[in-house]
Each structure stands twice: as C-alpha cells, then as structure tokens.
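# Structural overview for review
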Amino acid sequence: MKIRLAGILPNSNSNGPGLRKVFFSQGCSKHCDGCFNQHTWSFEGGKMCDCDKLIKETIDETYLAGVTFSGGDPFEQPEPFAYIAKKFKKHKINIWSYTGYTLEEILALAKKNKFINELLHNIDVLVDGRFDKNLTNKKVIFRGSSNQKIIDVQKSLKMKKMILWEESNE
Ligand code: SF4
C-alpha cells in the first residue's frame, strides 16, 4: 500500500498534545482562502511512500505521545490513511487527524465510502472544518480558526452525538 505525502514532521508539539509525529497528506480540494499549506493542494505533488515502512519506523519510536494526520486532507486519501490508522491502533498509538470536512460531512461520506468509515473509526481525535482566515486568534490551540472543532471521535461514535475533546478531558 502506497500513500502520497507532502512530508513528515518527526517531532511536533503543536499538532495535538505531547510530542507527535505528523504525516502531511498530499492533496486537498477545499482551497480555503489563506491556507498555510497550499503546496499540499495538488493531488499529483508530494512523494509516494510505502505504508508498511512508515508504520514500522513509527511503532519503534516509543517516545512519541502519538501521531497526527494533517494536510492536505487525509480524508481525501482515505484508503492508505485507514490502512496505517488500523495498524497504529493495534499498537495502541494515539491518533489525531485534521480534515477540511466537518464531522457531519464525514459521517455522510462514510455511509458510501468504507475507507472513510474505517479511517474515522480508527482515530481518537478529529480536528474538523475548513480554515477561515477571519476566525483566527491567539487563544485557538491545535486549530487554525475558531470554527474548527476538536472532537473526541470514539466518545462521539459511542454516544451518537458530538463530544468535544476539551469536554471529554474535563
Ligand atoms: S482544508 Fe486545510 S489543507 Fe485544505 S485548503 Fe483548507 S486549510 Fe488548506
């Protein structure tokens, strides 16, 4: 299984809690005005990487608090991201994923696309929604703009309603 990546950040402390490895998906159709990662928009750019190699390297990095899928939009490349998410989950690795879709849009897409469904079910936290350059402020952590939500995916699926990550940690 191959995945098209714009890059990998081996150690980041701003893409979710703790020290995390960040996988930047290549390809995003949302084209939000003011996007910081416009080089990740093309679905033909970046580099094809071997998923099993990435998984093996990462599970050996036991000092990490978790991994984060960013972009680009990982949910626009759901098959390989679902594949690596499932393998990481088997090793109890905490997974955050960013997406330009809202949770509501993903739930609708998941009914028609099994890989989107698998990806959603194997991540811990989703940071959802398009970037809005008019809604940025210094208080917004782990997000680009305040319209985006940090969602506890597993609790939300279990309770069948949206549970924000901040609420689930109170
Ligand atoms: S969804 Fe994210 S990567 Fe895509 S255009 Fe918007 S801000 Fe950029």
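Each remark here, short or long, concerns the structure printed above.
Below or above, wherever it landed, is the structure these notes cover. (Residues numbered from 1 in each chain as written. Predicted model: local features only at pLDDT ≥ 70, side-chain atom pairs only at ≥ 80, totals over all residues. Heavy atoms only, no water.)

This next bit is on helix H3 (residues 103–110). Those residues of H3 not exposed but buried are Leu 103, Ile 106 and Ala 110. Taken around the axis of H3, the buried residues stretch over an arc of 60°, which confines them to a single face. The secondary structure elements touched by the buried residues of H3 are helix H4 (114–121), strand S6 (125–128) and strand S7 (149–152). (Buried < 20%, exposed > 50% of the residue type's maximum accessible area, 1.4 Å probe, protein only. Helix = DSSP H or I, 4+ residues; strand = E, 2+ residues; numbered from the N terminus. Arc of directions from axis to C-beta. Contact = heavy atoms within 4.5 Å.)

Our next topic: the nonpolar core. Among the nonpolar cores identified, the biggest contains 28 residues, and Phe 69, Phe 75 and Phe 88 are the most heavily contacted of them. With five residues, the single largest contributor to this core is helix H2 (residues 78–90). Setting aside chain neighbours within four positions, we find Phe 75 in contact with Ser 97, Tyr 98, Thr 99, Tyr 101, Ile 106, Ile 116, Leu 119, Leu 120, Ile 123 and Leu 126. Of all hydrophobic cores here, the second largest spans seven residues; its members include Tyr 98, Val 125, Ile 150 and Trp 165. (Core = buried A, V, L, I, M, F, W, Y, C linked by side-chain atoms within 4.5 Å.)

This part takes up the layout of surface pockets. Computed from the structure, the largest pocket encloses a volume of approximately 580 Å³. Taken together, 27 residues line the largest pocket, and the ones lying closest to its centre are Asn 37, Ser 70, Gly 71, Tyr 98 and Gln 148. Of the residues assigned to the lining of the largest pocket, the class counts are 10 nonpolar, 13 polar and four charged. (1 Å grid on protein atoms, 1.4 Å probe; cavity = no way out; pocket = protein on both sides within 12 Å on 5 of 7 lines; lining within 4 Å. Points joined across faces, edges and corners; volume = space filled by probe spheres on them. Nonpolar A, V, L, I, M, F, W, Y, C, P; charged D, E, K, R; others polar.)

A separate point is the site of the ligand. What surrounds the ligand is the set Cys 28, Lys 30, His 31, Cys 32, Cys 35, Trp 41, Gly 72, Gly 100 and Phe 131. Most atoms of the ligand, that is more than half of them, are within 2 Å of grid points of the largest pocket. Across the shell around the ligand, the residue classes tally to five nonpolar, three polar and one charged. (Near = heavy atom within 4 Å. Sits in = over half its atoms within 2 Å of the grid points.)

Our focus in this paragraph is the sheet that holds strand S2 (residues 20–25). Overall, mixed pairing links the seven strands, which are arranged S3-S1-S2-S4-S5-S6-S7 in an open sheet. Edge positions in the open sheet fall to strand S3 (47–50) and S7, since each of these has one partner strand only. For this sheet, the mean inter-axis angle between neighbouring strands, taken without regard to orientation, is 30°. Here five bridges tie S2 to strand S4 (residues 66–70), and the two strands are oriented parallel to one another. Bridge assignment links Phe 24 to a residue of S4, and that residue is Ser 70. Contacting S6 and S7, H3 runs over the sheet at an angle of about 115° to S6. (Pairing = 2+ DSSP bridges. Axes fitted to C-alpha atoms, helices over the stretch in contact; angles between N-to-C directions.)

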